[in-house]
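Coordinate analysis (summary)
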Amino acid sequence: MEQLFLIFSTLILVAGVMVVLSINPIHSVFWHTLTFILTAMLFITLTIDFVALMLIIVCVGAIAILFLFVIMMLDVLKFKESLEITQLIPVTLLIGVGFFTNLWWLNQDQLFKLPNLTLSQEWDFAHESNIRLIGRTMYTDFWIPFILASLVLLVAMIGAIVLTHELGKETKKQSLYKQHQRNNSWT
């Protein structure tokens, strides 16, 4: 069992690094999907079947497809030509420093301290189902990270909407009359 854990966790780390290092955004989405699938396999080896199925259904089935649609709607070549990678380094460093500063600050104020969970005390799979254990732990002990994760997903959704909306251009309106004139299948 430990060998499977080490194999899957190593493959997850490799796939996660490839998500970031892939130049082609579609390849990056495929690596991202592989990361979700490997994580689901790791959860299955740990007998957490519900989380594994939710990862495959929600993340692979919905989020990865959403990423592919957003990438297809964007003009990636236009972004590559207009934006140099050196322009992104200061912004990336600023966001990273701010993120780790906030984590350190939250850890100093004892707001973000996670409880000490041991497998023998909290995760009793023999007497309770995975869903009940996960729900109780997530909504009682880990409510702050749960809310933060939902805010990150909200920001990602707003970012996807803003990226697909072209600023400064009027939206294209369809003329039903012209559309019917092109298509003679109505006659």
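Nothing here was measured: the structure is a model prediction, and the numbers come from that model.

Examining a nonpolar patch on the surface
Residues Tyr139, Trp143, Phe146, Ile147, Leu148, Leu151, Leu154, Met157, Ile158, Ile161 and Val162 make up a contiguous nonpolar surface patch of roughly 1100 Å² in combined accessible area. The greatest single-element share of the nonpolar patch, amounting to ten residues, is contributed by helix α7 (residues 143-164). Residue position: methionine 157 is located in helix α7. Overall, methionine 157 belongs to the partly exposed group, its relative accessible area being 47%.

Thoughts on the UniProt feature "transmembrane region" (unreviewed entry) in the protein chain
Summarizing the sequence annotation, UniProt attributes the feature "transmembrane region" (unreviewed entry) to residues 6-23, 30-48, 54-76, 88-106 and 142-163 in the numbering used throughout. The distance separating the terminal C-alpha atoms of residues 6-23 is 28 Å; by composition the span is 89% helix and 0% strand. As annotated, residues 30-48 has a helix share of 84% and a strand share of 0%, and its two end C-alpha atoms lie 24 Å apart.

Thresholds, definitions, all that
Residues numbered from 1 in each chain as written. Predicted model: local features only at pLDDT ≥ 70, side-chain atom pairs only at ≥ 80, totals over all residues. Heavy atoms only, no water. Patch = residues over 30% accessible without salt bridge, like charges linked within 9 Å, V, L, I, M, F, W, Y side chains within 5 Å. Areas by Shrake-Rupley, 256 points an atom, 1.4 Å probe, with all protein chains shown as cover. Salt bridge = Lys/Arg side-chain N within 4 Å of Asp/Glu carboxyl O. Helix = DSSP H or I, 4+ residues; strand = E, 2+ residues; numbered from the N terminus. Buried < 20%, exposed > 50% of the residue type's maximum accessible area, 1.4 Å probe, protein only. UniProt positions renumbered as here; feature names shortened; annotations may be inferred.

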